[in-house]
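Each chain, written out:
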Amino acid sequence: MRQRQLATALVALGVVLLTDVLRVWLPGIITIFGQAASTPAELMGAFALGWFVLALAAPALIRRAGSRPVTLAAAALLAGTRLALTATPGGRTQLWLATAGLVAGLVWLAGTAATTERPVPGLAVGLAVAAAGHAVLDTYDLVWWGRWEAWLVSAVLVVLFLAGHARRPVPSGSGGARAWLLAGPALLLAGMVALSPGLARTANSYLQGDPGVARSPLLGLAPLPVAVAVFLVAALTGAFVSSPWARAGGPAALLAGAVLFALDRGNLLLPALLLTAVGLGACLARTGAGPVAGTGGPAVDAGHTAHGPAADGSAVDGEATAGRAPATAGRAPAAGAARAGARRAYAATAGMLVFALAAVAYYSAYDIGYPNGWVPVAVAGLVAAVALTAGPVGDPAPRALPPVRTTAAVTALALLAPLVADDVAVVGNRSGPPARLTVAAYNIRMGFGLDGRLDLPGLAGILRRQDPDVVVLSEVDRGWLLNGGHDTLDLLADRLGMAYVFAPAADPLWGDAVLSRWPVTAPRTLPLPAVGAPTGAQALAVTVDLGDGVRPAVVSTHLQPPPGRQPVVQARAVAEFATAYAGGRPLVVAGDMNTEPGDAAFAEFTRAGLVDALAAARPLPTSPADRPREQIDHVFVTPGLRPGDVAAPPGTASDHLPVVVTLTLPPV
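The rules behind each value
Within each chain, residue numbers correspond to sequence positions counted from 1 in written order. Note on the predicted model: pLDDT of at least 70 is required for a residue's local features to be given, and 80 or more for side-chain atom pairs to be given and counted; whole-chain, interface and lining totals, by contrast, use all residues. Side-chain measures were taken over the full set of non-hydrogen atoms in the model, leaving aside hydrogen atoms and water. To qualify as a helix, a DSSP run of H or I must reach at least 4 residues; to qualify as a strand, a run of E must reach at least 2; elements of each kind are numbered from the N terminus. The quantity called the radius of gyration is restricted to C-alpha atoms. Its globule counterpart is 2.2 Å times the number of residues to the power 0.38. Type-normalised accessible area, obtained with a 1.4 Å probe on protein chains alone, sets the label of each residue: buried when under 20%, exposed when over 50%, and partly exposed for intermediate values. Exposure was quantified through the Shrake-Rupley algorithm and a 1.4 Å probe, taking into account, for residues, occlusion by the shown protein chains and nothing else. Charged residues are defined here as Lys and Arg on the positive side and Asp and Glu on the negative side; His and the ends of the chain fall outside this count. Charged groups are reduced to one reference atom each: NZ for lysine, CZ for arginine, CG for aspartic acid, CD for glutamic acid. Helix axes use the C-alpha atoms of the stretch in contact, all axes being lines fitted to C-alpha atoms, and the angles between their N-to-C directions lie in the range 0 to 180 degrees. Any angle from 65 to 115 degrees is called roughly perpendicular, while one under 35 is roughly parallel, one over 145 is roughly antiparallel, and all others are oblique. Put simply, a crossing is left-handed when the front helix is turned counterclockwise from the back one by less than a right angle, and right-handed when it is turned clockwise. We call two residues in contact whenever any of their non-hydrogen atoms come within 4.5 Å of each other. Any residue outside Ala, Val, Leu, Ile, Met, Phe, Trp, Tyr, Cys, Pro, Asp, Glu, Lys and Arg is labelled polar, Gly included; the first ten of those are nonpolar and the last four are charged. Note on pairing: DSSP must find at least two bridges between two strands before they are called paired. A 1.4 Å probe that fits but cannot get out identifies a cavity on a 1 Å grid over protein atoms alone, an open set with protein on both sides within 12 Å along at least five of seven lines counts as a pocket, and a residue lines either if it has an atom within 4 Å of a point. Grid points are joined across faces, edges and corners, and a volume is the space filled by probe spheres set on the points. Nonpolar cores were defined as sets of buried Ala, Val, Leu, Ile, Met, Phe, Trp, Tyr and Cys residues, with membership established by side-chain atoms within 4.5 Å. Expected helix span is taken as 1.5 Å per residue step, with the number of steps being one fewer than the number of residues. Every case where a carboxyl oxygen of Asp or Glu lies within 4 Å of a side-chain nitrogen of Lys or Arg is listed as a salt bridge. For patch detection, residues must exceed 30% relative accessible area and be free of salt bridges, and they are connected within 9 Å for like charges or within 5 Å for nonpolar side chains (Val, Leu, Ile, Met, Phe, Trp, Tyr). Whether two aromatic rings pair depends on their centres lying within 6.5 Å, for rings of Phe, Tyr and Trp, where Trp uses its six-membered ring; planes under 30 degrees apart make the pair stacked, over 60 edge-to-face, and the rest tilted. Counted as over-ring charges are cases with an Arg CZ or a Lys NZ within 6 Å of the ring centre that also lie within 35 degrees of the ring normal.

Considering the overall build of the protein
- From N to C terminus, the protein includes 21 helices and 15 strands.
- At 27 Å, the protein has a C-alpha radius of gyration in line with the 26 Å of a compact globule built from 668 residues.
- Taking all 668 residues of the protein together, the buried fraction comes to 57%.
- Here the protein has roughly 24200 Å² of accessible surface; of this, 63% comes from carbon and sulfur atoms.
- Considering the protein, the positive charge centre built from 44 side chains and the negative charge centre built from 40 side chains are found 10 Å apart.

Below, the structure is given as structure tokens:
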């Protein structure tokens, strides 16, 4: 039993470390290798897929060199790169460190698969612990902290992981390939939907009463512990493998959750999260259940070690109970175990290739332009098919972990998240209607600076020094797996002490937002015509209640023109929507417009009667942040608002500079 528990703990710890590395490596493709979105999406996709294809050579390496030395070397490299990422300065160093950690993690996974027949408990616990820990950290990973606490926790994880590999694994039986095949798809579905803290909070924020937009929720992470609990109950207890109806229920729930997620509607995210969580856990349990007696191939049990070469390529010195067996007695079982280990290793690496293919296919759609809702549904369909064809189920397999206590412990960790990671939004913390209103507009590039590091302190510091009343944000990410699963909006809002309203553009997790120190009412969102651009765009209008009947309108937008064209159609739509929404009240329209003064799209706003609030400081380039030369971030206002104190504060916490302007309000 202790051997099974150790194997399960090692799989779980390895999944946690590999997930940590992926949360650095995936956004590095966009922000470091991608060179501020100037690199073709096809080239970035080829770079990403190449490493997973390379990992397909790991099983052959394992058969030649033995699983133990290969697994130990890969584990050491995975642990070392995970620790080193805590101190990396960003840039190419960060990208190549994360790449080394990724390849090491894939090789480690293959080596572990070669000697582990029943991975489901470890995979399930690893995915759940990674999600719960991410939630407790408010989706801001230890890698980005740079403080002693991050070093301490990271070192403990690494030491436990390496210490567990000191004990030699025992050869496994002939099964387990199906379960290992699902490791990659399960990692994708858990990170995108089922166990995503960012999606859990975003789903909760869409339930605040305003159709189509999301507001700062109270205890926003509350759905995550529920998802963790139902996932682990389904995966560890075998509750969905006891009858034909129950066995069909897991795949059905998984497919239903994936379909709801693919519909791209904020009010469907919560049922998508819960259905995918329970369905994914049930499908994993189905592939990890024991076969009917007599249907499996020859097995080498932990307590009955065969003579001859073991699955890890080392000699196994077993003895028969009635004396020493002939030299040839154990060769056939050992050879069968070695072949089974190779099958599991190939299954694990193939499953991770599915992860990479699906991630590239889903997210590259926002650069190239094609429907991507089929991707999570196809991956869920693959998982469901593997689960449904796993064969008849006999007696339950011996449990390496007590399912109820394990579920309770991990759920308790997840329950800390709503208590320690959710801050209460603050609004109306200034008296009076003010005489002046300071507005900032900032394209935050999902929170990543020019060095490729998640730089929420840098973003918050730049804005905090300007002391804005209202902040308009573009390129806001609330849980994309590609960007590490961070809820950038909530993290930034907490640091600024401001409540937010968010509107989706590309999908319910990516769009634009308005943060305000004052109460915000009557939010409205308008999807903008795509006119051939692959990434969606919208305009978010809110009313800022300054008291005593002073209620200016603020519109946040990020125009997305097709390559080589001006966003004239979108600019016209925003100008018409904004002026109609304001209805004669003071109006502010701000954001990344992707147009410069004098361009046709810029003229659409002035033609609608709006004034360039930054005109006195022109030229005012804002992009790229390290050598700004393009004037594409703007603030337009109605003539009654008098602009002053215009600035574009320097900084590299994003690839844009913010623009800030103080507006004198008309007398009441």
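From this point, things continue past the structure.
A word on the packing of helix H1 (residues 2-33) against helix H6 (residues 120-136)
- Remark: H1 packs on H6, axes separated minimally by 7 Å, with the N-to-C direction vectors making an angle of 45°. Here H1 lies oblique to H6, going by the angle between them. Both H1 and H6 take part in a crossing whose hand is right-handed. In contact with Thr8, Val11, Ala12, Val15, Val16, Thr19 and Arg23 of H1, H6 contributes Pro121, Gly122, Leu123, Val125, Gly126, Leu127, Val129, Ala130 and His134.
- Grouping the amino acids of the contact of H1 with H6 by side-chain chemistry returns 10 nonpolar, 5 polar and 1 charged.

With respect to the sheet that holds strand E12 (residues 611-612)
- The 6 strands are arranged E8-E9-E10-E11-E13-E12 in an open sheet whose pairing can be described as mixed. The open sheet has two free edges, formed respectively by strand E8 (520-527) and E12, since each of these has just one partner strand.
- Across 2 bridges, E12 lies against strand E13 (residues 633-637) in antiparallel orientation. Bridging across to E13, Val611 finds its partner in Val637.

Quick look at empty space enclosed by the protein
- The final tally for this structure, using the stated rule, is 3 cavities of 30 Å³ or more.
- By volume, the largest cavity amounts to about 210 Å³.
- Among the elements of the structure, H1, H6 and helix H9 (183-194) are those that each provide at least two residues to the lining of the largest cavity.
- Across the lining of the largest cavity, the residue classes tally to 11 nonpolar, 6 polar and 1 charged.

A few points about the nonpolar core
- By size, the foremost hydrophobic cluster in this structure holds 151 residues, and its most contacted members are Trp25, Phe231, Leu473 and Leu515.
- Among the elements that make up this core, the one with the highest residue count is H1 (15 residues).
- If we skip the residues at most four places from it in the chain, Leu515 touches Asp469, Val470, Val471, Leu473, Leu489, Ala493, Leu496, Met498, Ala499 and Tyr500.
- By size, the runner-up hydrophobic cluster in this structure holds 32 residues, among which are Leu437, Val470, Val544 and Leu614.

Some thoughts on the sheet that holds strand E6 (residues 499-507)
- Taken together, 7 strands build an open sheet; the order of strands is E1-E6-E7-E5-E4-E15-E14 and the sheet is mixed. Two strands lie at the open edges of the sheet, namely strand E1 (214-215) and strand E14 (642-647), each paired on one side alone.
- Summarising the sheet, E1 and E6 pair through 2 bridges and their orientation is antiparallel. Residue Arg215 lies in a different strand from E6, and its bridge partner there is Val501.
- Here helix H19 (residues 488-496) sits on the sheet in contact with strand E5 (470-477), E6 and strand E7 (510-516), set at roughly 155° to E5.

Quick word on the pairing of strand E4 (residues 436-443)
- With 7 of its 8 residues buried, E4 lies for the most part within the structure.
- Bridge count for E4 against strand E15 (residues 659-664) is 6 bridges, and the pairing is antiparallel. Bridge pairing in E15 places Val439 opposite Val661.
- Two strands pair when backbone bridges link them, and E4 and E5 are joined in this way by 5 bridges, in the parallel orientation. Its bridge partner being in E5, Asn443 is matched across the sheet by Ser474.

Overview of helix H2 (residues 41-54)
- With 14 residues, H2 should reach 20 Å at 1.5 Å per residue; the first-to-last C-alpha distance of 20 Å fits that figure.
- Every buried residue of H2 is listed here: Ala41, Met44, Gly45, Phe47, Ala48, Leu49 and Phe52.

Section: the packing of helix H10 (residues 197-205) against helix H13 (residues 269-288)
- In the contact formed by H10 and H13, the axes pass within 8 Å of each other and the chain directions differ by 140°. Considering their axes alone, H10 and H13 lie oblique with respect to each other. Contacts from Leu199, Ala200, Thr202 and Ala203 of H10 reach H13 at Leu269, Leu270 and Leu273.
- Residues of the contact of H10 with H13, tallied by class, amount to 6 nonpolar, 1 polar and no charged.

Structural notes on the pattern of salt bridges
- Per the stated rule, a full pass over the model turns up 15 salt bridges.
- The salt bridge involving Arg201 is made with Asp138; its shortest N-O contact spans 2.5 Å. Residue Arg201 is found in helix H10, and its partner Asp138 is found in the loop between H6 and helix H7 (148-164); the two are separated by 63 residues along the sequence. An identical accessibility class is assigned to Arg201 and Asp138; each is buried.
- Residues Arg201 and Asp487 are paired through a salt bridge, measuring 3.3 Å at the closest nitrogen-oxygen approach. Taken together, the residues span a long stretch of sequence, with Arg201 in helix H10 and Asp487 in the loop between E5 and H19 at a distance of 286 residues.
- Each of the salt bridges in this network shares a partner with another, and the network as a whole consists of Asp138, Arg201, Asp422, Arg478, Asp487 and Asp490.

Looking at a nonpolar patch on the surface
- Nonpolar side chains collect at one region of the surface, where Leu218, Leu219, Leu413, Leu416, Leu419 and Val420 lie side by side and expose about 570 Å² of accessible area between them.
- As for its position among the elements, Leu419 is in helix H17 (residues 403-420).

Section: the packing of aromatic side chains
- All told, the structure shown has 17 aromatic pairs when counted by the stated rule.
- When the ring of Trp144 is compared with that of Phe448, the centres are 6.1 Å apart and the planes differ by 80°; the resulting orientation is edge-to-face. Highlighted residues: Trp144 in the loop between H6 and H7 and Phe448 in the loop between E4 and helix H18 (456-466), separated in sequence by 304 residues.
- You can call Phe448 buried: its relative accessible area is 0%.
- Measuring from ring centre to ring centre gives 6.4 Å for Phe577 and Tyr581, while their planes differ by 35°; the resulting arrangement is tilted. Taken as a pair, Phe577 and Tyr581 lie in helix H20 (residues 568-582) at a separation of 4 residues, close to a single helical turn. Across the pair, exposure class does not vary: Phe577 and Tyr581 are buried alike.
- Put simply, the rings of Phe261, Tyr362, Tyr363, Tyr366, Trp480 and Trp510 touch in pairs and so form one group of aromatic residues.
- One cation-aromatic arrangement involves Arg478 over Phe502; the distance from NZ or CZ to the ring centre is 5.4 Å.
- Seen from the ring of Tyr140, Arg495 lies directly overhead, with NZ or CZ sitting 4.9 Å from the centre.

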